[in-house]
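Chain by chain, the residues:
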Amino acid sequence: MRSGFVGLAGRPNVGKSTLTNALTGAHVAIVSDKPQTTRQRALGVVHGDDYQIVLVDLPGFQRPFDALTRRMQRSVDDGLRDVDAVLLVLDASEASGGGDRFIAEQLAATGAPVVIALNKVDRLKPAAILEAIAAVSELVSDYVALHPVSARTGDGIPELEAELAALLPEGPPYFEPGVDSDQPLERRIAELVREQALARTREEVPHAIAVMVEELKAPRGNLVGKDGATVRAIGSAARPAIEELLGGSIYLDLRVKVRKGWRRDDALLERFGL
């Protein structure tokens, strides 16, 4: 049996969370096209016949500018300290540059073997994929393997999974069969609601949203709070994923509260689990 931890690192919006979901086969990390979607470390568990890969999905590397982003970058640094391998996720549809080179240098400094996932190749024609592979090969000098993949379509995912499993040390599994994440139920529900809120808001609003579950109790029906059309739409869209997570119908009551400056307030960030 092989088991161990693999840290996913890269710039924001390269598809780390989508890749985590593709590898685990479960919705363990929320995804959106907004930067800073992933705010804290989340584990996703991949179960194989003779291996268990624990994926450490991390926020994107960034230059901190407030208490929230400082905590996010601290989560990245802490999450890469004790991993057995590192998966550098790059966006094949975007040109790599100094930011990717800086991240690659940080990952090399961990001493863990580095595998590159060149994601979103479904957006490119074959010739462009070859060009992207060549460019990335020059960007990162020391890596174990490079896998062109599409987390959205699943192309290349089995081969990437096999590569990661082979890098893990021998040892017992960390999680029981059927467990796909270490996240508490309240956090997973809150994140599913935030995912739908991100999809339905624009400009500065998505970055100003945080969700906290105040109470979980036996369901009483299928209703959402009467807080306006957007809130109802968020609740309606989030409900199916939460019902799948909980295995039954739910009553979902969403309430909006305004807390100015919460991203700079350490006490509130603690309450949000960040």
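Being a predicted model, the structure only gives us computed values, none of them experimental. (Residues numbered from 1 in each chain as written. Predicted model: local features only at pLDDT ≥ 70, side-chain atom pairs only at ≥ 80, totals over all residues. Heavy atoms only, no water.)

Q: What is the right way to read the overall build of the chain from this model?
A: For the chain, the helix and strand inventory stands at eight helices and six strands. Its helices and strands taken in sequence order, the chain reads β-α-β-β-α-β-α-β-α-β-α-α-α-α from the N to the C terminus. Its C-alpha atoms give the chain a radius of gyration of 19 Å, within 12% of the compact-globule value 19 Å for 274 residues. Across the 274 residues that make up the chain, the buried fraction comes to 47%. Counting contacts in the chain only where the partners sit at least 6 residues apart, residues at least 24 apart contribute 72% of the total. With the model as given, the accessible surface of the chain reaches about 14000 Å², and the carbon-plus-sulfur share is 49%. Counting 33 positive and 39 negative side-chain charges, the chain places the centres of these two groups 11 Å from one another. (Helix = DSSP H or I, 4+ residues; strand = E, 2+ residues; numbered from the N terminus. Rg over C-alpha atoms; globule rule 2.2 N^0.38 Å. Buried < 20%, exposed > 50% of the residue type's maximum accessible area, 1.4 Å probe, protein only. Contact = heavy atoms within 4.5 Å. Areas by Shrake-Rupley, 256 points an atom, 1.4 Å probe, with all protein chains shown as cover. Lys, Arg positive; Asp, Glu negative; His and termini not counted. Charge placed at Lys NZ, Arg CZ, Asp CG, Glu CD.)

Q: What is the right way to look at the pattern of salt bridges in this model?
A: Two side chains bearing opposite charge may form a pair once their charged atoms approach each other closely. This model, assessed by the stated rule, comprises nine salt bridges. Residues participating in the shared-partner salt-bridge network are Arg11, Glu94 and Asp100. (Salt bridge = Lys/Arg side-chain N within 4 Å of Asp/Glu carboxyl O.)

Q: Teacher, can you tell me more about the layout of surface pockets here?
A: Approximately 1400 Å³ is the volume found for the largest pocket. If you trace the largest pocket, you find 41 residues lining it, with Val211, Met212, Asp253, Leu254 and Arg255 closest to the centre. Among the secondary structure elements, those contributing two or more residues to the lining of the largest pocket are α6 (185-199) and α7 (229-246). No other element matches the five residues that α7 contributes to the lining of the largest pocket. Residue composition of the lining of the largest pocket, grouped by class: 25 nonpolar, five polar and eleven charged. (1 Å grid on protein atoms, 1.4 Å probe; cavity = no way out; pocket = protein on both sides within 12 Å on 5 of 7 lines; lining within 4 Å. Points joined across faces, edges and corners; volume = space filled by probe spheres on them. Nonpolar A, V, L, I, M, F, W, Y, C, P; charged D, E, K, R; others polar.)

Q: Would you explain the pairing of strand β6 (residues 145-148) in this entry?
A: Consecutive side chains along a regular strand alternate between the two faces of the sheet. Inspection of the sheet shows strand β5 (residues 114-119) paired to β6 by four bridges, in the parallel sense. Within the sheet, the bridge partner assigned to isoleucine 116 lies in β6 and is leucine 146. Running through helix α4 (residues 126-139), the crossover from β5 to the neighbouring parallel element β6 is right-handed. (Pairing = 2+ DSSP bridges. Right-handed = clockwise from strand over helix to strand, strands pointing away.)

Q: Teacher, can you tell me more about unusual backbone geometry here?
A: Phi is mostly negative for residues that are not glycine, and the peptide bonds are mostly trans. Phi at asparagine 13 is positive, roughly 70°, even though this residue is not glycine. Within the element layout of this structure, asparagine 13 appears in the loop between β1 (2-9) and α1 (16-24). Asparagine 13 sits in the partly exposed class, given a relative accessible area of 30%. With a phi angle near 65°, lysine 120 is a residue other than glycine that sits in the positive phi range. Residue placement: lysine 120 occurs in the loop between β5 and α4. Judged by relative accessible area, which is 15%, lysine 120 ranks as buried.

Q: Help me out: how do you make sense of the nonpolar core in this one?
A: In globular proteins that are soluble, nonpolar side chains generally tend to be buried together. One finds Val86, Leu88, Leu90, Leu107, Ile116 and Leu118 to be the most contacted residues of the largest nonpolar core, which totals 28 residues. The greatest single-element share of this core, amounting to four residues, is contributed by α4. Setting aside chain neighbours within four positions, we find leucine 118 in contact with Leu90, Asp91, Ala92, Ala132, Ile133, Val136, Leu146, His147, Pro148 and Val149. (Core = buried A, V, L, I, M, F, W, Y, C linked by side-chain atoms within 4.5 Å.)

Q: Which parts of the structure should I look at to understand the packing of α1 against helix α5 (residues 157-167)?
A: Remark: α1 packs on α5, axes separated minimally by 10 Å, with the N-to-C direction vectors making an angle of 85°. Comparing their axes, α5 and α1 come out roughly perpendicular. Contacts between α1 and α5 involve Leu19, Ala22 and Leu23 on the former and, on the latter, Ile157, Leu160, Glu161 and Leu164. Taken together, the residues of the contact of α1 with α5 break down into six nonpolar, no polar and one charged. (Axes fitted to C-alpha atoms, helices over the stretch in contact; angles between N-to-C directions. Parallel < 35°, antiparallel > 145°, perpendicular 65-115°, else oblique.)

Q: Whenever I open this one, α5 confuses me. Can you help?
A: Residue pairs spaced three or four apart in an α-helix point in one direction, given the helix's 3.6 residues per turn. All buried positions along α5 are accounted for by Ile157, Leu160, Glu161, Leu164 and Ala165. Viewed along the axis of α5, the buried residues span an arc of 135°, placing them on a single side of the element. Across from the buried face of α5, at angles greater than 90 degrees, the exposed residues are Pro158 and Ala166. (Arc of directions from axis to C-beta.)

Q: What is the right way to read empty space enclosed by the protein from this model?
A: A probe matching the size of a water molecule, rolled over the atoms, marks out where space remains unfilled. Throughout the structure, instances matching the rule amount to two cavities of 30 Å³ or more. Taken as a whole, the largest cavity encloses approximately 130 Å³ of empty space. It is α6 that contributes the most residues to the lining of the largest cavity, five residues altogether. Taken together, the residues of the lining of the largest cavity sort by class into five nonpolar, six polar and six charged.

Q: Could you clarify how one ought to interpret the packing of α6 against α7 in this entry?
A: The description of two packed helices rests on the angle between their axes and on the distance between the axes. At their nearest, the axes of α6 and α7 sit 8 Å apart, and the two run at 150° to each other. Taken together, α6 and α7 sit at an angle that is classed as roughly antiparallel. Helix-helix and strand crossings are classified by hand; for α6 and α7 the assignment is right-handed. In contact with Leu185, Arg188, Ile189, Leu192, Val193, Gln196 and Ala197 of α6, α7 contributes Ile234, Ala237, Ala238, Ala241, Ile242, Leu245 and Leu246. For the contact of α6 with α7, the class distribution of residues is twelve nonpolar, one polar and one charged. (Left-handed = near helix turned anticlockwise from the far one by under 90°.)

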